[in-house]
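# Inside the fold
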Amino acid sequence: SQQGEEDPQALSIQEGENATMNCSYKTSINNLQWYRQNSGRGLVHLILIRSNEREKHSGRLRVTLDTSKKSSSLLITASRAADTASYFCAPYSSASKIIFGSGTRLSIRP
Amino acid sequence: DTAVSQTPKYLVTQMGNDKSIKCEQNLGHDTMYWYKQDSKKFLKIMFSYNNKELIINETVPNRFSPKSPDKAHLNLHINSLELGDSAVYFCASSQDTGGAYEKLFFGSGTQLSVL
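Residues numbered from 1 in each chain as written. Chains lettered and ligands numbered in written order. Predicted model: local features only at pLDDT ≥ 70, side-chain atom pairs only at ≥ 80, totals over all residues. Heavy atoms only, no water.

## Remarks on the interface of chain B and chain A
For an interface, size is often stated in terms of accessible area lost upon the parts coming together. Let me state the cut-off plainly: What makes two residues a contact is simply this: any of their non-hydrogen atoms within 4.5 Å. In this description, buried area is defined as the sum, over both parts, of the accessible area (probe of 1.4 Å) that is lost when the two are combined. We define a salt bridge as a side-chain nitrogen of Lys or Arg found within 4 Å of a carboxyl oxygen belonging to Asp or Glu. For the purposes of these results, a polar contact is taken to be a pair of N or O atoms within 3.5 Å, where, inside protein, one atom must be able to donate a hydrogen and its partner to accept one; residues adjacent in sequence count only when each atom of the pair is a side-chain atom. All residues other than Ala, Val, Leu, Ile, Met, Phe, Trp, Tyr, Cys, Pro, Asp, Glu, Lys and Arg, Gly among them, are scored as polar; the first ten of these are nonpolar and the last four charged.
Each partner contributes to the interface: chain B provides 22 residues, whereas chain A provides 21 residues. Both sides of the chain B and chain A interface together cover about 1800 Å² of buried area, and 57% of this is carbon and sulfur. Remark: the boundary between chain B and chain A carries zero salt bridges. Linking chain B to chain A there are three residue pairs in polar contact (both at pLDDT 80 or more). Here the side of chain B that touches chain A is composed, by residue class, of ten nonpolar, six polar and six charged.

Written out as structure tokens, the structure reads:
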């Protein structure tokens, strides 16, 4: 099993700015997923990128994956107050379970 | 309808007590999980069941016993509660295990406080 490690641990930006979070992992994967956790809630799946994909978009989200560097990034464009949450990456392979790190805590300042 | 529901949302109890947390999913998924989130927000997998059979059992004290009466339910029973058991426990489900497109659906969590 392997765990994604998110960086930075905390990020505070002004509303309207873009937020970028990074994820690193150690072994080969089938896919990598990003989840969001609002305070006091469970995780919600945001986006999944397969190992043969390099970039994926969903609304204001953009995810990149570099399997040679074993890293991924999540970009949230034009941030809103509602984006305030913790964001977790989850590298997944059929040989392992989905294991999460401690996430990136994103705060959007009005 | 809530896809993955767990009860209770809050649980406050004394050390040494036995307690249960219930989880139900109405998504028709084959696999269910229990995760524990500690105070530093790390989410650790505890158990996974596929069609009522245990497939993942991480290094969890045997005071924790999952029970899956059917594939829509995965309950967690904890004996002799300890202070260190205080955490938020999340139930989750997914369509299958081992698939390249698998994603998890989470309940809203049970905050357990052991006094």
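## Some details on the nonpolar core
For clarity, the threshold we go by: Here, nonpolar core means buried Ala, Val, Leu, Ile, Met, Phe, Trp, Tyr and Cys residues that are tied together by side-chain atoms lying within 4.5 Å of each other. Remark: exposure states derive from per-residue accessible area (1.4 Å probe, protein chains only) relative to the maximum for the residue type, with buried under 20%, exposed over 50%, and partly exposed in between. Put simply, DSSP marks the helices as runs of H or I at least four residues long and the strands as runs of E at least two long, and each gets a number from the N terminus on.
Among the nonpolar cores identified, the biggest contains 22 residues, and Met21, Leu32, Trp34, Leu74, Ile76, Tyr87 and Leu106 of chain A are the most heavily contacted of them. Only strand 3 (10-14), strand 4 (19-24), strand 5 (31-37), strand 6 (43-50), strand 8 (61-66), strand 9 (71-76), strand 10 (85-92) and strand 12 (104-109) of chain A provide two or more residues apiece to this core. The next biggest cluster of nonpolar side chains, apart from the first, holds 20 residues, and it includes Cys23, Met46, Leu74 and Cys91 of chain B.

## A few points about the state of the cysteines
Definition in use: Defined by distance alone, a disulfide is two cysteine sulfur atoms within 2.5 Å.
Taken as a whole and assessed by the stated rule, the structure comprises two disulfides over all chains. Each sulfur of the disulfide joining cysteine 23 of chain A and cysteine 89 of chain A lies 2.0 Å from the other. Judged by the torsion about the S-S bond (65°), the cysteine 23 of chain A/cysteine 89 of chain A disulfide is right-handed. With cysteine 23 of chain A in strand 4 and cysteine 89 of chain A in strand 10, the pair connects residues that are 66 residues apart, well separated along the chain. With relative accessibility at 2%, the residue cysteine 23 of chain A sits in the buried group. When its relative accessible area of 0% is taken as the criterion, cysteine 89 of chain A is described as buried. Residue cysteine 23 of chain B pairs covalently with cysteine 91 of chain B via a disulfide, S to S 1.8 Å. Disulfide cysteine 23 of chain B to cysteine 91 of chain B: torsion about the S-S bond roughly -75°, handedness left-handed. Placement of the pair is cysteine 23 of chain B in strand 3 (residues 19-25) and cysteine 91 of chain B in strand 9 (residues 87-94), with a sequence separation of 68 residues. Taking the relative accessible area as the measure of exposure, cysteine 23 of chain B reaches 1% and is therefore buried.

The quantities given are spatial measurements derived from coordinates; they are silent on function.
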